[in-house]
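Residues per chain, in single letters:
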Amino acid sequence: MLPNSEIVIVGGGAVGVGCAYALARAGHTDVLVIERGDDVGTVTTAQGAGLCGQVRDSVERTRLAMHSVATFRELQRSEVPPDWHEVGSLRVALSERRAEEFRRMKAAADAAGLETEFLDRAEARRRWPLMNFDATAAVLWCPSDGYMTPRHVAASYRHNAARLGVRFATATALEGIELRQGRVAGIRTNRGTAECRTLINAAGANAYHVARLAGLELPIFPVRHEYYVTVPMEGLTPDLPCFRVPELTLYGRVRDGGLLLGGWEPRSLSQDPRSFSPDNEPPPVVTDWPVLDGFEASFTGLLPTSRPAQKSWVGKGWPTFTPDGRFLIGECSGVPGFVMACGCNAHGISGSGGIGKLLVESLFDPHPGDYVRSLSPNRFLGSTPDWSESRRQAAHVYETYYGV
Ligand SMILES: Cc1cc2nc3c(=O)[nH]c(=O)nc-3n(C[C@H](O)[C@H](O)[C@H](O)COP(=O)(O)OP(=O)(O)OC[C@H]3O[C@@H](n4cnc5c(N)ncnc54)[C@H](O)[C@@H]3O)c2cc1C
């Protein structure tokens, strides 16, 4: 039997379990997380590349990412750590226009209190000896960026939230939402019913379907994303910084002694969430080798030794995108008690700590700040979405991820 709970979270990915941990840390422990898989963190989260970058285009987004890093540091000291490696990151500009963008990002970092520094080529080479920085216009270094192992992140949140009193029910699928006088009153699942006052929708690529159960239509689009990992290569040690090369739309890090290289292709593949069943994830991603080969070819100029390396693993899945590229966090005005925590625009793991904090602020702070209010799902409610236009916009967010 499922326990009645003040708050039920649907979805045990990085976002759902991260919210559970944030709620518990804020003293709200009457929380039940339901996850239809056999464990937490097995769907999109398990596929994540695990990078966490804090340098962003606004002070608020920088602070959100900084809160995530503070959370990973805290969890790293616990019995079940997220495998957090604070190795720093290099952001590489290949043109003066991009360098100008980096200067604006550095100004946002300075205002947020995040330490960053421009490196000259010799210093950049010292930090990533195999990389060729000859053609770079600027390299921005952030010493407190890093990477983690996404499944460990989910396990760490689960362990530490449970320690504080949060309950978890795996192999438990949400099938219906009980509304009483228009507000959330309970859930129906394959393992019985439970009462609750608040339901948090952290169902990732199924967030659209869960919102439908409450009678809401929210434009949340899964967009395919992929990276590859090579077999171990000489000179790749786990302490090398993560890197991002926006002009090549590439990012990467070292993983298991090999190179993890991912990117954002200019022509994306998205799903209309109405096209697949609420009972399933979107269709499995078939590895798109031409796209991955394109990443490899673009990167060879910077890391000549990486080209012939064999691939040992492909990460792939359906992170969700919103038409305006912003998270969906907060209660839906039409259905009191129904709360969104999704639409992560491929930041759901690195953002999980900050998303949890914003969620708590949106629910319990009598005067939530402008930033969290700007993420309210209400911006998409009130009229039926124009599905084809919304999908085009969400795809555009993906395709211009590193746009200036
Ligand atoms: C290739 C790739 C690389 C990526 N790299 C990064 C990265 O480096 N850094 C980063 O921050 N992000 C990265 N991302 C994005 C990141 O993986 C996602 O943003 C994040 O995992 C989303 O977490 P989530 O909890 O919203 O979704 P999920 O992890 O998909 O979790 C949602 C959960 O909800 C459950 N669920 C759905 N419906 C129901 C239901 N009816 N009842 C019960 N449970 C239900 C599902 O089983 C699932 O476990 C990457 C994604 C991909 C695909």
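Residues numbered from 1 in each chain as written. Predicted model: local features only at pLDDT ≥ 70, side-chain atom pairs only at ≥ 80, totals over all residues. Heavy atoms only, no water.

Q: Where do I start with the sheet that holds strand β9 (residues 174–180) in this structure?
A: Hydrogen bonding along the main chain pairs the strands of a sheet, whether they run parallel or antiparallel. Ordered in space as β9-β10-β11, the 3 strands form an open sheet in which the pairing is antiparallel. Lying at the two open borders of the sheet, with one neighbouring strand each, are β9 and β11 (192–195). For this sheet, the mean inter-axis angle between neighbouring strands, taken without regard to orientation, is 25°. Taken together, the 4 bridges between strand β10 (residues 183–189) and β11 define a ladder with antiparallel strand orientation. Within the sheet, the bridge partner assigned to R188 lies in β11 and is T193. (Pairing = 2+ DSSP bridges. Helix = DSSP H or I, 4+ residues; strand = E, 2+ residues; numbered from the N terminus. Axes fitted to C-alpha atoms, helices over the stretch in contact; angles between N-to-C directions.)

Q: It is not clear to me how helix α9 (residues 352–364) should be interpreted in this structure. Could you clarify?
A: Because the α-helix completes a turn every 3.6 residues, residues three or four places apart line up on one side. With 13 residues, α9 extends 18 Å between its outermost C-alpha atoms, agreeing within 8% with the 18 Å of an ideal straight helix rising 1.5 Å per residue. Among the residues making up α9, those that are buried are S352, G353, G354, I355, G356, L358, L359, V360 and E361. (Expected span 1.5 Å × (residues − 1). Buried < 20%, exposed > 50% of the residue type's maximum accessible area, 1.4 Å probe, protein only.)

Q: Help me understand the pattern of salt bridges, please; the structure alone is not making it clear to me.
A: Here the idea is simple: oppositely charged side chains can pair when their charged atoms come close. On inspection of all chains with the given rule, the structure shows 23 salt bridges. E101 is the partner of R98 in a salt bridge, and the nearest nitrogen-oxygen pair spans 3.0 Å. Within this pair, R98 and its partner E101 are both found in helix α4 (residues 96–112), separated by 3 residues, close to a single helical turn. Each member of the pair, R98 as well as E101, is classed as buried. Across the pair E226 and R224 runs a salt bridge whose closest N-O atoms are separated by 3.8 Å. For the pair E226 and R224, one class covers both residues: buried. (Salt bridge = Lys/Arg side-chain N within 4 Å of Asp/Glu carboxyl O.)

Q: Explain the side chain of H209 to me, please; I cannot follow it from the model alone.
A: Tracing the chain through its elements places H209 in helix α7 (residues 207–213). Here P273 takes part through its backbone oxygen, which lies 2.8 Å from a polar atom of the side chain of H209. Beyond its immediate sequence surroundings of up to four residues, H209 is in contact with P273, F276, S277 and P278. (Polar contact = N/O pair within 3.5 Å; in protein donor to acceptor, adjacent residues only side chain to side chain. Contact = heavy atoms within 4.5 Å.)

Q: Looking at this model, I keep getting lost on the packing of helix α3 (residues 59–76) against α9. Mind explaining?
A: Each pair of packed helices can be described by the angle between their axes along with the distance between the axes. At a minimum axis distance of 6 Å, the contact between α3 and α9 shows a crossing angle of 110°. Judged on the interaxial angle alone, α9 and α3 are roughly perpendicular. Contacts between α3 and α9 involve L64, H67, S68, T71 and F72 on the former and, on the latter, S352, G353, G354, I355, K357 and L358. (Parallel < 35°, antiparallel > 145°, perpendicular 65-115°, else oblique.)

Q: Looking at this structure, how should I read helix α1 (residues 14–25)?
A: With 12 residues, α1 should cover 16 Å at 1.5 Å per step; its first-to-last C-alpha distance of 16 Å lies within 8% of that length. With 11 of 12 residues buried, α1 is to be regarded as a mostly interior element. Buried within α1 are the following residues: A14, V15, G16, V17, G18, C19, A20, Y21, A22, L23 and A24. With its phi angle positive at about 95°, G27 sits one or two positions after the end of α1.

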